[in-house]
Amino acid sequence: MFVVKKWLGYLLMPLPFSLTLLLVALALLWFTRFQKTGKLLATGAFILIGLLASKPVSYDLARPLEQTYPPFAISAHARLDAIIVLGNGHVSDPAVPPYSWQNNISQSRTLEGVRLALAYPNATLIFSGYAEGDPLSNAEVNARVAESLGITRQRMRLFENNKDTHDEAVSIARVLKGQNVALVTSATHMPRAMALYQAQGLRPIAAPTDYTARDSGLPLPLYAYLPRGRYLMYSEAALHEWIGQLWSRLRGQTNE
């Protein structure tokens, strides 16, 4: 089930979906008499990639998710019993330094977890994230980075066997029910993660990080409308979360 879900999620993302449309369009143009349909599909794929790779569209997709919860204010919370840091990705390549193994998302989440752990010295720092195509779990790699930044292993607990946010919520909430908990994850991922943990009876305080749709309030320059790979990546992350929320509701994993 996990593999099927992962492949379906991949195929629905902007680039694979657009390339699939383009492939169908080329097949129609080269091998069939449905020339008009092929041209329409090719044009649609081109427009779709161009729009989703632009800054305004990617920001419009991500910003409603990212602004659902405010940043964690240490001054507003006197005590935390635990800090949950959700995993993302890494590559434990022996040819590069260990502090470069994390991707940018894991790095942002780990740093926010360490920030809170330093502010709440009695809180347990929990890392989740399994091993996929790597000898080390993402939880282990993130824990090593936190240790290099001054957090002792005695304060950490790792959940290394859960493959998605729902399974993590089930395992972790079972251990932490009734405790004051902060939940650290990317700002786009936070609404879905909070809903999944709340459905398991936990009432975490959101600590979003890794923002992509940052807005200075100034008018966008003209070049901001040009397609870029970075903005396509932001659109993909946001669409992944919108689809993920729908999937969680359809499966009854949240109370929404």
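Data block above holds the structure.
Residues numbered from 1 in each chain as written. Predicted model: local features only at pLDDT ≥ 70, side-chain atom pairs only at ≥ 80, totals over all residues. Heavy atoms only, no water.

> Give me the lowdown on the side chain of D134, citing residues and values where you can.
Mapping D134 onto the fold places it in the loop between β2 (124-128) and α6 (138-148). For the buried D134, no salt bridge exists, and the shortest N-O distance to an oppositely charged side chain is 8.5 Å, to R144. There is a polar contact of 3.2 Å between the side chain of D134 and the side chain of H90. A distance of 2.5 Å separates polar atoms of two side chains, one belonging to D134 and the other to S92. With near-sequence residues (within four places) excluded, D134 lies in contact with H90, V91 and S92. (Helix = DSSP H or I, 4+ residues; strand = E, 2+ residues; numbered from the N terminus. Buried < 20%, exposed > 50% of the residue type's maximum accessible area, 1.4 Å probe, protein only. Lys, Arg positive; Asp, Glu negative; His and termini not counted. Salt bridge = Lys/Arg side-chain N within 4 Å of Asp/Glu carboxyl O. Polar contact = N/O pair within 3.5 Å; in protein donor to acceptor, adjacent residues only side chain to side chain. Contact = heavy atoms within 4.5 Å.)

> Kindly report on the packing of aromatic side chains, identifying the contributing residues and their values.
Within the structure shown, the criterion is met by three aromatic pairs. Between the aromatic rings of F72 and Y120, the centroid separation amounts to 6.2 Å while the plane-to-plane angle is 85 degrees, which identifies the pairing as edge-to-face. One end of the pair, F72, is in the loop between α4 (55-66) and β1 (82-85); the other, Y120, is in the loop between α5 (104-119) and β2, and 48 residues separate them in sequence. Members of the aromatic cluster, joined through ring pairs, are Y59, Y231 and Y234. (Phe/Tyr/Trp six-rings, centres within 6.5 Å; stacked < 30°, edge-to-face > 60°.)

> So what about a nonpolar patch on the surface? Which residues, and what values?
A cluster of nonpolar side chains, namely L15, L19, L22, L26, W30 and F31, defines an oily patch on the protein surface of about 670 Å² accessible area. With respect to the helices, strands and loops of the structure, L19 is situated in helix α2 (residues 14-31). The exposure class assigned to L19 is partly exposed, which follows from its relative accessible area of 45%. (Patch = residues over 30% accessible without salt bridge, like charges linked within 9 Å, V, L, I, M, F, W, Y side chains within 5 Å. Areas by Shrake-Rupley, 256 points an atom, 1.4 Å probe, with all protein chains shown as cover.)

> Quick rundown of the pairing of strand β5 (residues 205-209)? Include the residues and the values.
Burial runs high along β5: four of the five residues are buried. In this region the chain leaves strand β4 (residues 181-186), passes through helix α8 (residues 190-199) and returns to the parallel neighbour β5; the handedness of that crossover is right-handed. (Right-handed = clockwise from strand over helix to strand, strands pointing away.)

Without other data, these values stay purely geometric and don't point to any function.
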